[in-house]
2 protein chains.
Amino acid sequence: MIVQKRSFDIPKLQLECGEVLENARIGYETCGELNADGTNAILVAHYFSGSSHCAGRFHQTDQTAGYWDSIIGEKKAIDTSKYFVLSCDSLCNLFPSDSNIITTGPATLNPSTGRPFGSRFPVVSIGDFVASQRLVAEHLGIKRFHAVTGPSMGAMQAMEWAVQFPNDVERVIAVISPGLSAEAYLIARLNSWCCPIYLDPDFQGGNYTDGVKPLAGVRQSFKLVNLDSVHIGWAKREFGRAWAKPTLDPATSLKNDFAIERFLDEIGALRADLVDANSILRLVRALQNFSIEDRIDRLRARFLFIPAKSDLLMFPQYSLEAAEKLRSIGVAADVHILEGDGGHLDGLTAIARAGNTIANFLDSNV
Amino acid sequence: MIVQKRSFDIPKLQLECGEVLENARIGYETCGELNADGTNAILVAHYFSGSSHCAGRFHQTDQTAGYWDSIIGEKKAIDTSKYFVLSCDSLCNLFPSDSNIITTGPATLNPSTGRPFGSRFPVVSIGDFVASQRLVAEHLGIKRFHAVTGPSMGAMQAMEWAVQFPNDVERVIAVISPGLSAEAYLIARLNSWCCPIYLDPDFQGGNYTDGVKPLAGVRQSFKLVNLDSVHIGWAKREFGRAWAKPTLDPATSLKNDFAIERFLDEIGALRADLVDANSILRLVRALQNFSIEDRIDRLRARFLFIPAKSDLLMFPQYSLEAAEKLRSIGVAADVHILEGDGGHLDGLTAIARAGNTIANFLDSNV
């Protein structure tokens, strides 16, 4: 399946923090065909370090497909012969210099200065992402979403859609979600992703330039993102206590690493030069601020929660408690737990294990 | 119970890394009386950010007692009317400038230069701590340990004792332990405690001075130590989604924090000026290197593992797997799981819940 990145311009977007964002540009991808009455659409919202590239390939020669390609496509769980899939790049996407991502954020040039907005870019929210997606959906002729879904930050957007526009969302599939709010421990974990950036002197209060940017801080930040997204079973199986170099014993020098330390350093560094540090800070804050808890009386959609059993970032109990809370006020809410020892990442790599459950849920009456 | 800090000098200590440490000074505390044949001693080894102050008070006016005072004392689980308790400050203790701690590490003055050893101080190991404790024990006339115990890093020392000196240890009580080895995921978590120090420009490769030291890095490091030591239940109950200041909404500025973020910042800063960054790096490496897995055929002691149910750093399954492994080779090994939602810290604050189990284990025949 070949997909294309397109973009949509929003002249003025009112943000929840009170500021107005001018000339926001949003990237998006679609698969399948929208039906005549505009009611067969499924929104797939992306995770923290992801993009709208949820399925298919840009070119036939691409080595990898979109992150949920295992469940999106013809005859797959989200069947693109039946449904029209829309996915949008978030505001403040972490990879503004990736040529396949179109976003508006701190790295965007401020037309009044000719330099990036940097530290002056406002705080954004999950609600702002939903507001921007709503405009893209209207532009495409979508009248109502058959379902909204996504993993992690994507699940937050799906839930936010259901409270902001209860009449336009029939089903919510919240994969590896924090439940109805980002709770205290998650808020603190997310905070730890920002600390390395603030420690890096090249951050310069957010007013760095392309020439000198907080690369060391971003690498450490991504290392923590990766560490928080895996699980002990995976780490033990992949690395155990192996050394990074077989002749360099960690017991003799602090410079000698274990293999898992080296791996996390390398993963952290892999795309760090494409990442914008100010965008990390803003996406983290958007995640921390997520809460629909006070607005659940507005809900009309039916819910399916898909936590990962070994998730150490958004624990399965978050989803179990959320489903129970929703059922207690009469909202239909099922839970399917992804088995596995891959941690939070199972919501991406092992999602096909919930394929039948997702397909049945999409077929169900609401 | 009033205790006194004493010290013991070791002219030369052979370290496992190959280097010889000269003029090591080790602080220690004791409670109770050693019996005539020197066989009623219990060693209590301390955790990462702890010291030998496991029980009692230095002065009657002290606000707090030692960290395991709830189980050590007359008629308590570790009954000092029956047992003689010894506890030693580790090499490279994190708080060399705390007047109640006596340690030898990177902050110690190098007699040949008159300046701190700093980055030149060697890598130390759990085995080195045991070797130093063995000399203190000999000096005091201890012939055999009725039991060796400790939480977290203390549990590692207890297990190391039992493989290094199998004839001198009758019982091991490993509280909130990593099992028989520090596994890959723990190695990576521990690595994350070092990263903020390396990011701080004031670290200067370990050759900082008292005037300019990596305080910001140490604060972030301690923040992570604290975060890794708690649990989601505790965080939710204590802080929820409260803001640090009721009028400063985190949704409007990155400068406005949540209450749990502020708390962790304050906890991180609380004793940071007393902490030596180079010592953090060395204790972390000692923890990462811990493994008795290849030497368990030497064991003659009986084991009791006490994991904490909600521990997110040294997961209960580490202890369950270790006990199973030991039983499979004929070593007696029981497990008592501490109920609670305090995370790793339950091994300190909730240890009294295992008081009866500990007392019975100490009374049991070996």
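Cut-offs and rules
Residues numbered from 1 in each chain as written. Chains lettered and ligands numbered in written order. Predicted model: local features only at pLDDT ≥ 70, side-chain atom pairs only at ≥ 80, totals over all residues. Heavy atoms only, no water. 1 Å grid on protein atoms, 1.4 Å probe; cavity = no way out; pocket = protein on both sides within 12 Å on 5 of 7 lines; lining within 4 Å. Points joined across faces, edges and corners; volume = space filled by probe spheres on them. Helix = DSSP H or I, 4+ residues; strand = E, 2+ residues; numbered from the N terminus. Nonpolar A, V, L, I, M, F, W, Y, C, P; charged D, E, K, R; others polar. Pairing = 2+ DSSP bridges. Axes fitted to C-alpha atoms, helices over the stretch in contact; angles between N-to-C directions. Contact = heavy atoms within 4.5 Å. Least-squares fit on C-alpha atoms with pLDDT ≥ 70 in both. Core = buried A, V, L, I, M, F, W, Y, C linked by side-chain atoms within 4.5 Å. Buried < 20%, exposed > 50% of the residue type's maximum accessible area, 1.4 Å probe, protein only. Right-handed = clockwise from strand over helix to strand, strands pointing away. Polar contact = N/O pair within 3.5 Å; in protein donor to acceptor, adjacent residues only side chain to side chain. Buried area = accessible area lost by both parts, 1.4 Å probe. Salt bridge = Lys/Arg side-chain N within 4 Å of Asp/Glu carboxyl O. Parallel < 35°, antiparallel > 145°, perpendicular 65-115°, else oblique.

(A) Highlighting empty space enclosed by the protein. Tallying each qualifying case throughout the model produces five cavities of 30 Å³ or more. Estimated volume of the largest cavity: approximately 160 Å³. Ser192, Cys195, Pro196 and Leu224 of chain A together with Leu224 of chain B are, among the 18 residues lining the largest cavity, the residues nearest its centre. Elements with a minimum of two residues in the lining of the largest cavity: helix H3 (184-199) and helix H4 (215-228) of chain A together with helix H3 (184-199) and helix H4 (215-228) of chain B. Among the elements that line the lining of the largest cavity, the one with the most residues is H3 of chain A, at six residues. Along the lines of polarity and charge, the residues of the lining of the largest cavity split into eleven nonpolar, five polar and two charged. In terms of lining, the second largest cavity is formed by Tyr185, Arg189, Asp228, Leu312 and Phe315 of chain A together with Tyr185, Arg189, Asp228, Leu312 and Phe315 of chain B. Secondary-structure elements contributing two or more residues to the lining of the second largest cavity are H3 of chain A together with H3 of chain B.

(B) Quick peek at the sheet that holds strand S6 (residues 84-88) of chain B. Residues and elements named next belong to chain B. Sheet architecture is open: eight strands sit in the order S1-S2-S6-S3-S9-S10-S11-S12, paired in mixed fashion. A strand with exactly one partner marks an edge of an open sheet, and here the two such strands are strand S1 (6-14) and strand S12 (333-335). Recorded for the sheet is a direction-independent mean angle of 20° between the axes of neighbouring strands. Bridge analysis of strand S11 (residues 302-306) against S12 gives three bridges, and the strand direction is parallel. Paired with Leu304 across the two strands is Asp334, which belongs to S12. Helix-sheet contacts for helix H1 (residues 126-140) involve S1, strand S2 (20-31), strand S3 (41-44), S6 and strand S9 (145-151), and the interaxial angle to S1 is about 125°. The strands touched by helix H8 (residues 316-328) within the sheet are S11 and S12, with S12 carrying the most contacts at an inclination of about 155°.

(C) Up close: the sheet that holds strand S12 (residues 333-335) of chain A. Residue and element names in this part refer to chain A. Ordered by their spatial adjacency, eight strands build an open sheet running S1-S2-S6-S3-S9-S10-S11-S12, and the pairing between neighbours is mixed. Edge positions in the sheet fall to strand S1 (6-14) and S12, since each of these pairs with one other strand and no more. With strand direction ignored, the average angle separating the axes of adjacent strands in the sheet is 20°. Pairing geometry for strand S10 (residues 171-175) and strand S11 (residues 302-306), over five bridges, is parallel. Residue pairing for S11: Ala174 is matched across the bridge by Phe305. In the packing of helix H2 (residues 153-164) onto the sheet, the strands contacted are strand S3 (41-44), strand S9 (145-151), S10 and S11, and the crossing angle to S9 comes to about 150°.

(D) Region of the structure containing the relation of the copies chain B and chain A. The transform that puts chain B on chain A rotates by 180° and translates by 0.0 Å along the axis, for an RMSD of 0.0 Å. Look at the turn and shift together and you get a two-fold axis relating the two.

(E) Geometry of the nonpolar core. Of all hydrophobic cores here, the largest spans 192 residues; its most connected members are Met159, Val172 and Phe303 of chain A together with Met159, Val172 and Phe303 of chain B. Once residues within four sequence positions are removed from consideration, Phe303 of chain A is found in contact with Met159, Ala162, Val172, Leu326, Val331, Ala332, Ala333, Asp334 and Phe361 of chain A.

(F) Representation of unusual backbone geometry within the structure. All names here are of chain A. Positive phi, close to 55°, is recorded for Cys92, a residue that is not glycine. Mapping Cys92 onto the fold places it in the loop between strand S6 (84-88) and strand S7 (109-110). Since its relative accessible area comes to 0%, Cys92 is described here as buried. Residue Ile176 is not a glycine yet carries a positive backbone phi of 40°. Along the chain, Ile176 falls in the loop between S10 and H3.

(G) The pairing of S11 of chain B, seen in detail. Within S11 of chain B, four of the five residues are buried, which leaves it mostly tucked inside the rest of the structure. Each parallel crossover has a hand, and the one from S11 of chain B via H8 of chain B to S12 of chain B is right-handed.

(H) Focus on the environment of Arg237 of chain B. Residues and elements named next belong to chain B. Tracing the chain through its elements places Arg237 in helix H5 (residues 232-238). In this structure the C-alpha to C-alpha distance between Arg237 and Asp69, which are 168 residues apart in sequence, comes to 26 Å. Reaching out from Arg237, the side chain makes a polar contact with the side chain of Asp341 at a distance of 2.6 Å.

(I) Summary view of the pairing of S6 of chain B. Residue and element names in this part refer to chain B. The element S6 is extensively covered by neighbouring structure, given that five of its five residues are classed as buried. Neither face of S6 is exposed, since Phe84, Leu86 and Cys88 on one face and Val85 and Ser87 on the opposite face are all buried. Across four bridges, S2 lies against S6 in antiparallel orientation. By the bridge assignment, Glu29 is partnered in S6 with Ser87. Pairing of S3 with S6, which is carried by three bridges, proceeds in the parallel orientation. Looking at S6, one finds that Leu43 is bridged to Leu86.

(J) The arrangement of the interface of chain B and chain A in detail. Across the boundary between the two partners, chain B contributes 55 residues, which contact 55 residues of chain A. Summed over both sides, the interface of chain B with chain A buries roughly 4,700 Å², with 64% coming from carbon and sulfur. Our count for the contact surface shared by chain B and chain A stands at four salt bridges. A salt bridge links Arg189 of chain B to Asp228 of chain A; the shortest N-O distance between them is 2.5 Å.

(K) Spatial organisation of the side chain of Gln157 of chain B. All names here are of chain B. Topologically, Gln157 is positioned in helix H2 (residues 153-164). Relative accessible area serves as the criterion here: at 1%, Gln157 is assigned to the buried category. There is a polar contact of 3.2 Å between the side chain of Gln157 and the backbone oxygen of His46. Those residues within four positions of Gln157 in sequence are excluded, and the remaining contacts are Ala45, His46, Ile126, Phe129, Val130 and Gln133.

(L) Seen up close, the packing of H1 of chain B against H2 of chain B. Residue and element names in this part refer to chain B. Running from amino to carboxyl end, H1 crosses H2 at an angle of 70°, the nearest separation of the two axes being 9 Å. Classified by the angle their axes make, H1 and H2 are roughly perpendicular. When H1 is examined against H2, the residues Ile126, Gly127, Phe129, Val130, Gln133 and Arg134 are found in contact with a partner set consisting of Met153, Met156, Gln157, Glu160, Trp161 and Gln164. A class-by-class count of the residues in the contact of H1 with H2 yields six nonpolar, four polar and two charged.

(M) A look at the pattern of salt bridges. What the rule picks out here adds up to 40 salt bridges over all chains. Linking Arg262 of chain A and Asp257 of chain A is a salt bridge whose minimum nitrogen-to-oxygen distance equals 3.8 Å. Classification of Arg262 of chain A as partly exposed rests on a relative accessible area of 29%. You can call Asp257 of chain A buried: its relative accessible area is 17%. Lys12 of chain B is paired through a salt bridge with Glu22 of chain B; the nearest N and O atoms lie 2.9 Å apart. Note that Lys12 of chain B is positioned in strand S1 and Glu22 of chain B in strand S2, a separation of ten residues in sequence. Here Glu22 of chain B falls in the partly exposed class, since its relative accessible area comes to 46%. What you see here is one network of salt bridges that share partners, running through Lys5, Glu29 and Asp89 of chain A.

Purely spatial values, then, with no claim about function.
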